[in-house]
Amino acid sequence: MNYINSAYGDLEEIAQAYKSSFQNADPFPNIHFRNFFNEEILDSVLEELQNVDKTDGISFKSLNEVKFVSKGELYFGDKTKAFIHFLNSQPFLQFLQIISLIEETLIPDSYLEGGGLYETKKGGFVKIHADINKHRLTQLDKRLHLMVFLNKDWKQEYGGDYELWNKDMTHCVKKVLPEFNSLFFFTTTDDSYHGSPDPLQCPENRSNKSVSLFYYSNGRPSNEVNEGFHDHSINYKFRKGNKADNKMAVYNALLDVKNIIIDLTPPVITFLAKKIFKK
């Protein structure tokens, strides 16, 4: 089965043709392809994902993000599983390897840890952030974040633009509208700040859907490792002067204080406190 739009041709040829564009993109290596895949295949994927069991996933609701993320592939239809398996296959991994110029061998995430179906409904958002840099189960290094957008007839006024920000968080450098059959991916480092930070303005019966995957390696270049940041969780950033983000900054500061208190509290006291508050 040919997953790629025939207009693009061979995957290796595409990678060779676009690797310079990827490497030289601002504010960090990234690339956006329109109409990249066989449309009939994505039609089938979209139809199957309309019926994904939302009880077997995670609904995030905080000042940092309001979105749904599936968990594993158990409730995906056959066409969706096959499409994700293609994105994790040798030909596609080789395409990513060539275009990204990553020297370490890229490893797909068969667990779909944090990947799979992403869905944001009206009012949903994901604040600007840098991803967690290690796989929770394998401890491999996260190197690439890939999204295939699945939104037909998506209008600009709906919002949902995926934004890439500069290191100083002074301005957005690039925006990508989440149009149907768009492929978008970028490198993930400690300062590859990205997200969809403003509440979605689509109708109640619409949502922003994507297949979102991550790719890893065993180790990464030393110049990508910041001192004291070898293993970190999601690092949310606030846009200066944005009132909603100012609230988020206070919220995250309080979370940091809470986590410090938990880390400093002897385990026996934490255990007893949980017992007491359960009663």
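Residues numbered from 1 in each chain as written. Predicted model: local features only at pLDDT ≥ 70, side-chain atom pairs only at ≥ 80, totals over all residues. Heavy atoms only, no water.

**Examining the nonpolar core**
Here's step 1: Within the largest apolar cluster, 42 residues are counted, with the highest numbers of intra-cluster contacts made by F37, L87, F92 and F95.
Here's step 2: Looking at this core, the elements that each hand over two or more residues are α1 (11–23), β1 (30–34), α2 (39–49), α3 (78–87), α4 (90–100), β7 (141–149), β10 (182–187) and β12 (207–217).
Here's step 3: For F95, the residues in contact, after removing those within four places along its chain, are L11, I14, A15, F33, F36 and F185.
Here's step 4: Within the second largest apolar cluster, eight residues are counted, among which are F28, F149, Y162 and V176. (Core = buried A, V, L, I, M, F, W, Y, C linked by side-chain atoms within 4.5 Å. Buried < 20%, exposed > 50% of the residue type's maximum accessible area, 1.4 Å probe, protein only. Helix = DSSP H or I, 4+ residues; strand = E, 2+ residues; numbered from the N terminus. Contact = heavy atoms within 4.5 Å.)

**Details of the layout of surface pockets**
Here's step 1: Space inside the second largest pocket adds up to approximately 310 Å³.
Here's step 2: Lining the second largest pocket are 18 residues, with P29, T187, T189, N223 and E224 positioned closest to its centre.
Here's step 3: For the lining of the second largest pocket, the class distribution of residues is five nonpolar, seven polar and six charged. (1 Å grid on protein atoms, 1.4 Å probe; cavity = no way out; pocket = protein on both sides within 12 Å on 5 of 7 lines; lining within 4 Å. Points joined across faces, edges and corners; volume = space filled by probe spheres on them. Nonpolar A, V, L, I, M, F, W, Y, C, P; charged D, E, K, R; others polar.)

**Points about the packing of α1 against α4**
Here's step 1: Running from N to C, α1 and α4 point in directions that differ by 30°, and their axes come no closer than 7 Å. Put simply, α1 runs roughly parallel to α4. The two elements α1 and α4 meet at a crossing, and its hand is right-handed. Each of L11, E12, I14, A15, Q16, Y18, K19, F22 and Q23 in α1 lies in contact with α4, whose residues at this interface are P91, F92, Q94, F95, I98, I99 and S100.
Here's step 2: Split by residue class, the contact of α1 with α4 holds 10 nonpolar, four polar and two charged. (Axes fitted to C-alpha atoms, helices over the stretch in contact; angles between N-to-C directions. Parallel < 35°, antiparallel > 145°, perpendicular 65-115°, else oblique. Left-handed = near helix turned anticlockwise from the far one by under 90°.)

**Regarding empty space enclosed by the protein**
Here's step 1: Considering all chains together, one arrives at one cavity of 30 Å³ or more under this definition.
Here's step 2: Here the largest cavity defines a volume of roughly 30 Å³.
Here's step 3: In terms of lining, the largest cavity is formed by V52, D53, D56, S70, K71, G72, E73, L74, Y75 and F76.
Here's step 4: In the lining of the largest cavity, the residues fall into four nonpolar, two polar and four charged.

**A look at the packing of aromatic side chains**
Here's step 1: Applying the stated criterion across every chain, the model contains 18 aromatic pairs.
Here's step 2: On the basis of an interplanar angle of 80° and a centroid distance of 4.9 Å, the ring pair of Y18 and F33 is categorised as edge-to-face. Note that Y18 is positioned in helix α1 and F33 in strand β1, a separation of 15 residues in sequence.
Here's step 3: Y18 sits in the partly exposed class, given a relative accessible area of 33%.
Here's step 4: With centroids separated by 5.6 Å and ring planes inclined at 55°, the aromatic side chains of F86 and F92 adopt a geometry described as tilted. Both residues of the pair, F86 and F92, count as buried.
Here's step 5: Chaining the aromatic ring pairs together yields one cluster made of Y3, Y8, Y18, F22, F33, F36, F37, F83, F86, F92, F95 and F185.
Here's step 6: Positioned over the ring face of F214 is K142, at 3.8 Å from the centre of the ring.
Here's step 7: If you follow K152 out to its NZ or CZ, it ends over the ring of F180, 4.9 Å from the centre. (Phe/Tyr/Trp six-rings, centres within 6.5 Å; stacked < 30°, edge-to-face > 60°. Lys NZ or Arg CZ within 6 Å of the ring centre and 35° of its normal.)

**Considerations on the pattern of salt bridges**
Two side chains with opposite charge may pair up if their charged atoms get near one another.
Here's step 1: Throughout the structure, instances matching the rule amount to 14 salt bridges.
Here's step 2: A salt bridge links E204 to K122, with the shortest nitrogen-to-oxygen separation between them at 3.9 Å. Placement of E204 in the loop between β11 (194–196) and β12 and of K122 in the loop between β5 (116–121) and β6 (125–130) is noted, with a sequence separation of 82 residues between them.
Here's step 3: Using a relative accessible area of 66% as the deciding quantity, one classes E204 as exposed.
Here's step 4: The network of salt bridges with shared partners includes E104, R143, R220 and E224. (Salt bridge = Lys/Arg side-chain N within 4 Å of Asp/Glu carboxyl O.)

**Digging into the packing of α2 against α3**
Here's step 1: One can describe the packing of α2 onto α3 by two numbers: an axis separation of 8 Å at closest approach and a directional angle of 125°. In terms of orientation, α2 and α3 fall into the oblique class. When you trace α2 past α3, the crossing you get is left-handed. Along its contact with α2, which presents I41, L42, S44, V45, E48 and L49, the element α3 presents D78, K79, T80 and F83.
Here's step 2: Of the residues contributing to the contact of α2 with α3, the split by class is five nonpolar, two polar and three charged.

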